[in-house]
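Understanding the architecture of this molecule
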Amino acid sequence: MNIVESKKIWLSSPHMGGTEQQYVKEAFDTNWVAPLGPNVDGFENDIANYLGEGTHVAALSSGTASLHLGLQLLGVSTGDEVLCQSMTFAASANPITYLGATPVFIDSEFLTWNICPEQLEIAIKDRIAKGKKPKAIVAVHLYGMPYQVTAIHDIATRYEIPVLEDSAESLGSTYKGVNCGTFGDISILSFNGNKIITTSGGGALVSKTEAYRNKAIFLATQARDNAPHYEHTEIGHNYRMSNILAGIGRGQMEVLDKHVSLRRRNYEFYQQHLLECSDLQLQQAPEGYFSNRWLSCIETQSFTQREAIRAALAAENIESRPLWKPMHLQPVFADCDAYLNGVSNDLFERGLCLPSGSNLEEEDLFRITSIIKKIVG
Ligand SMILES: *Cc1c(COP(=O)(O)O)cnc(C)c1O
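Here goes a summary of the coordinates provided. This one's a predicted model, so the numbers in the text were calculated from it and none came from an experiment.

Now for the pairing of strand 8 (residues 186-190). With five of its five residues buried, strand 8 lies for the most part within the structure. Burial of strand 8 is two-sided: the residues I186, I188 and S190 facing one way and the residues S187 and L189 facing the other way are all buried. Bridge analysis of strand 5 (residues 163-166) against strand 8 gives three bridges, and the strand direction is parallel. Paired with L164 across the bridge in strand 8 is I186. Note: strand 8 against strand 9 (residues 203-207), four bridges, orientation antiparallel. Looking at the pairing, L189 lines up with A204 of strand 9.

This paragraph deals with the packing of helix 10 (residues 303-315) against helix 12 (residues 362-376). Relative orientation and spacing of two packed helices are given, respectively, by the angle between their axes and the distance between those axes. Running from amino to carboxyl end, helix 10 crosses helix 12 at an angle of 140°, the nearest separation of the two axes being 9 Å. If you check the angle between helix 10 and helix 12, you find them oblique. In terms of crossing hand, the pair formed by helix 10 and helix 12 is right-handed. Every residue of helix 12 that contacts helix 10 at Q305, A308, I309, A312 and L313 is listed here: I368, I371, I372, I375 and V376. Residues belonging to the contact of helix 10 with helix 12 are distributed by class as follows: nine nonpolar, one polar and no charged.

This brings us to the pattern of salt bridges. Throughout the structure, instances matching the rule amount to 17 salt bridges. Among the salt bridges present, the one from K25 reaches D29, with a minimum N-O distance of 2.9 Å. Of this pair, K25 and D29 both sit in helix 1 (residues 20-29), separated by four residues, roughly a single helical turn. Each member of the pair K25 and D29 is classed as exposed. The shortest N-O distance in the salt bridge between D337 and R127 comes to 3.0 Å. With D337 in the loop between strand 13 (321-322) and strand 14 (338-339) and R127 in helix 5 (residues 117-129), this residue pair connects regions lying 210 residues apart in the sequence.

Read from one edge of the open sheet, three strands run 7-6-11, paired in antiparallel fashion. The sheet is open, and its two edges are formed by strand 7 (178-179) and strand 11 (289-290), each paired on a single side. As defined by bridge partners, strand 6 (residues 174-175) adjoins strand 11 across two bridges and the pair is classed as antiparallel. Following the sheet pairing, T174 is matched in strand 11 by F290.

Attention now goes to unusual backbone geometry. Not every positive phi belongs to a glycine, and E53 is a case in point at roughly 60°. The residue E53 is located in the loop between helix 2 (38-51) and strand 1 (56-60) in this model. Note on E53: relative accessible area 45%, which makes it partly exposed. Phi angles above zero are rare outside glycine, and Y143 is one such case at about 60°. One can find Y143 in the loop between strand 4 (136-140) and helix 6 (149-158).

Now for the site of the ligand. Lining the immediate environment of the ligand, one finds 16 residues, of which T64, D166, E169, S190 and K195 sit closest. Within the side chain of S190, one N or O atom sits 2.7 Å away from an oxygen atom of the ligand. Between an oxygen atom of the ligand and a side-chain N or O atom of K195, the distance comes to 3.4 Å. Relative to its free-state accessible area of 380 Å², the ligand is covered by the protein chains to the extent of 95%. The dominant element in the shell around the ligand, judged by the number of residues it contributes, is helix 3 (residues 63-73), at three residues. Among the residues making up the shell around the ligand, the classes are represented as five nonpolar, eight polar and three charged.

Definitions and cut-offs
Within each chain, residue numbers correspond to sequence positions counted from 1 in written order. Only residues with pLDDT of at least 70 are given local features in this predicted model, and only at 80 or more are side-chain atom pairs given and counted; all residues enter the totals for whole chains, interfaces and linings. Only hydrogens and water are set aside; all other atoms, that is, all heavy atoms of the structure, feed into the side-chain values. Only protein chains enter the accessibility calculation, which uses a 1.4 Å probe. A residue is then buried if its area is under 20% of the maximum for its type, exposed if over 50%, and partly exposed in between. The way it works is that DSSP assigns letters per residue, a run of H or I at least four long becomes a helix, a run of E at least two long becomes a strand, and they are numbered from the N terminus. The criterion for strand pairing is that DSSP finds at least two bridges linking the strands in question. Axis definition: a line fit to C-alpha positions, over the contact stretch in the case of helices; interaxial angles, taken between N-to-C directions, run 0 to 180 degrees. Comment on the angle field: the value is read as roughly parallel under 35 degrees, roughly antiparallel over 145, roughly perpendicular from 65 to 115, and oblique elsewhere. The hand of a helix crossing depends on one turn: near helix anticlockwise from the far one by less than a right angle means left-handed, and clockwise means right-handed. We call two residues in contact whenever any of their non-hydrogen atoms come within 4.5 Å of each other. We call Asp, Glu, Lys and Arg charged. Ala, Val, Leu, Ile, Met, Phe, Trp, Tyr, Cys and Pro are nonpolar, and the rest, Gly among them, are polar. When a carboxyl oxygen of Asp or Glu is within 4 Å of a side-chain nitrogen of Lys or Arg, the pair counts as a salt bridge. Note on terminology: near, applied to a residue and a molecule or strand, indicates that one of the residue's heavy atoms is within 4 Å of it. Nitrogen and oxygen atoms within 3.5 Å of one another constitute a polar contact, given that in protein one can donate a hydrogen and the other can accept it, and given that sequence-neighbouring residues count only through two side-chain atoms. Per-residue and other accessible areas follow the Shrake-Rupley method at a 1.4 Å probe size, with only the shown protein chains counted as cover for residues.

This is the structure we're talking about:
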């Protein structure tokens, strides 16, 4: 009997490039262990240079903190409504409630799995008719696939509602050649441990409007006014990224493009090796959409088939995960209004995220696909 457990394969685990420790060591050597310092400036510059489009970047403690500040900067406050993509991670929606505002959820479309332009416009018209114009739109590039940027921003512009672009999963993705993270009035990134690059925990607020960046840093550092003593005219947060973690980020920026190509290699491997499984369909990229393939996702035929694949992988010590459970199905948001077309319910039932780390070996990928093929045939 073989009692040796097969090697654990994670859905998406941290992948260091090699130079991270140098930046961290430099911070120690120069005693820049305090919150701010040269690594924070350097990391912000690296991101701004990478994204281009005249962006300004504030490095913060998490993607969630960045969403919170982003909504605050867009003027969201008590009693407001914010339209939010329903199919996403809870962190896209939770900060709306931190501000005393209410999320109103919008379903997805099948092309990109992201916020549906038709449902968005129906919702905007309906909320206005009911007497309350939504204060902002939270749109998400799920799994690295850009949302329908042109359609969504056309609607937002027409109704003069700002867009908070949740680009937590899409650093390195582009829409018509332009980087995700540059489309929103304010955009956010995440450097959590499972993202395409990580600082072990961190995020960033991005905007072409420099005033937003400056105000974000002001609010993220306890809203301290310009005075020799501590003077406050606003409520602040402690949301800035530390100089140590920014050092990890600087090292990770050096390998971002490599991580994108490795994750895309995973996707292409799955595409090629699961081709014979006609029951399965990998998430497709429409013309003009370049996904970083943060996670490679499949649509199965049914909930039962999805669960059979997930269980078979788990039995072999391989982590996979159903797609994000839509927010309108979450108990905590049961009372919120939602504009639905059935798409996200269906994707949630049948969809599965496959292991997608940039540190996967080819033999890992072979192990994964051979198990799936045994189940699906
Ligand atoms: C990870 C993630 C966030 C939150 O980022 P943290 O850095 O973990 O706070 C927000 N939105 C989406 C879509 C995410 O995947």
